[in-house]
Amino acid sequence: MSDALSPLRALRFEATIPEGLSASLLDWLLLEDSMTKRFEQYCSRVSVRIVREGFFDSRADIPEADLLPEAKRYWLREIMLCGDDEPWLLGRTIVPESTLEGPELALQQLGTTPLGRYLFNSSSLTRDFIEIGRNNEELWGRRSRLRLAGKPLVLTELFLPASPLYVEEK
């Protein structure tokens, strides 16, 4: 596993929304729309740095696998989402191979295109849930199971210290 993503893997998710969170923080953490689009309001350019991408055969390597149907392989994409080249978010997308059929094959071809640009242009996108989490460094994150034409994927996001989420909190 990549060291760059260890803070994301350290997220601990809450069963319910934690008490005492500000309205601003909840607005970010429970955002139903594209995080890419939200970030674009705070910078000139949103870009993606790919950390790792490819298929994994073992569910043991994928902590989110229990949120997805059993599959022989899972597509994994780990990225840094940057605002004006400053890392703002670590993202991890897990997609069962069975989801990668038809138009959803494009999930393997995103390259440096933000996932949100692809997902939120689909009329068949639905979200099952958003879970809020925190890691040992007190950074906030969230995890969602999304569906494209009913086919699932899991997206986990960790907001890095330079993220506008924390700037608004100060």
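Structure's up top.
Thresholds, definitions, all that
Residues numbered from 1 in each chain as written. Predicted model: local features only at pLDDT ≥ 70, side-chain atom pairs only at ≥ 80, totals over all residues. Heavy atoms only, no water. Helix = DSSP H or I, 4+ residues; strand = E, 2+ residues; numbered from the N terminus. Rg over C-alpha atoms; globule rule 2.2 N^0.38 Å. Buried < 20%, exposed > 50% of the residue type's maximum accessible area, 1.4 Å probe, protein only. Contact = heavy atoms within 4.5 Å. Areas by Shrake-Rupley, 256 points an atom, 1.4 Å probe, with all protein chains shown as cover. Lys, Arg positive; Asp, Glu negative; His and termini not counted. Charge placed at Lys NZ, Arg CZ, Asp CG, Glu CD. Pairing = 2+ DSSP bridges.

Enquirer: Where do I start with the overall build of the protein chain in this structure?
Expert: Along its length, the protein chain carries five helices and seven strands. Reading the protein chain from its N terminus to its C terminus gives the helix and strand order α-β-α-α-β-β-β-α-β-β-β-α. In terms of overall dimensions, the protein chain is globule-like: its C-alpha atoms have a radius of gyration of 15 Å, near the 15 Å expected for 170 residues. For the protein chain, the spread of C-alpha atoms along the three principal axes comes to 45 × 35 × 30 Å. For the protein chain, the proportion of its 170 residues judged to be buried stands at 52%. Partitioning the intrachain contacts of the protein chain with sequence separation of at least 6 by distance along the chain shows that 62% fall at a separation of at least 24. Entry remark: accessible area of the protein chain is about 8,100 Å², with carbon and sulfur atoms responsible for 48%. Side-chain charges in the protein chain split into 21 positive and 27 negative, and the spacing between the mean points of these groups amounts to 3 Å.

Enquirer: Whenever I open this one, the sheet that holds strand 2 (residues 46-56) confuses me. Can you help?
Expert: Pairing between the strands of a sheet comes from backbone hydrogen bonds, and it takes one of two forms, parallel or antiparallel. With antiparallel pairing, the seven strands of this open sheet are ordered in space as 1-5-6-7-4-3-2. Looking at the sheet topology across the chains shown, the edges are occupied by strand 1 (12-13) and strand 2. With six bridges connecting them, strand 4 (residues 86-96) and strand 7 (residues 151-159) associate as antiparallel partners. When the bridges of strand 7 are listed, Thr 93 appears paired with Leu 155.

Enquirer: Where do I start with the pairing of strand 5 (residues 125-134) in this structure?
Expert: Every regular strand shows the same layout, with side chains that alternate between the two sheet faces. Alignment of strand 1 against strand 5, held across two bridges, turns out to be antiparallel. Its bridge partner being in strand 5, Arg 12 is matched across the sheet by Arg 134. With nine bridges connecting them, strand 5 and strand 6 (residues 140-148) associate as antiparallel partners. If you follow Arg 127 over to strand 6, its bridge partner there is Leu 146. Where strand 5 folds back on strand 6, the antiparallel hairpin that results is connected by five residues, among which Glu 138 adopts a positive phi of roughly 65°.

Enquirer: I tried to follow the environment of Val 154 on my own but got confused; where do I start?
Expert: Take Val 154: it is sitting in strand 7. Expressed as a C-alpha distance, the spacing of Val 154 and Thr 93, which sit 61 residues apart in the sequence, is 5.7 Å. Once residues within four sequence positions are removed from consideration, Val 154 is found in contact with Glu 64, Leu 67, Leu 68, Arg 92, Thr 93, Ile 94, Arg 143, Ser 144 and Arg 145.

Read these as spatial facts, not as claims about activity.
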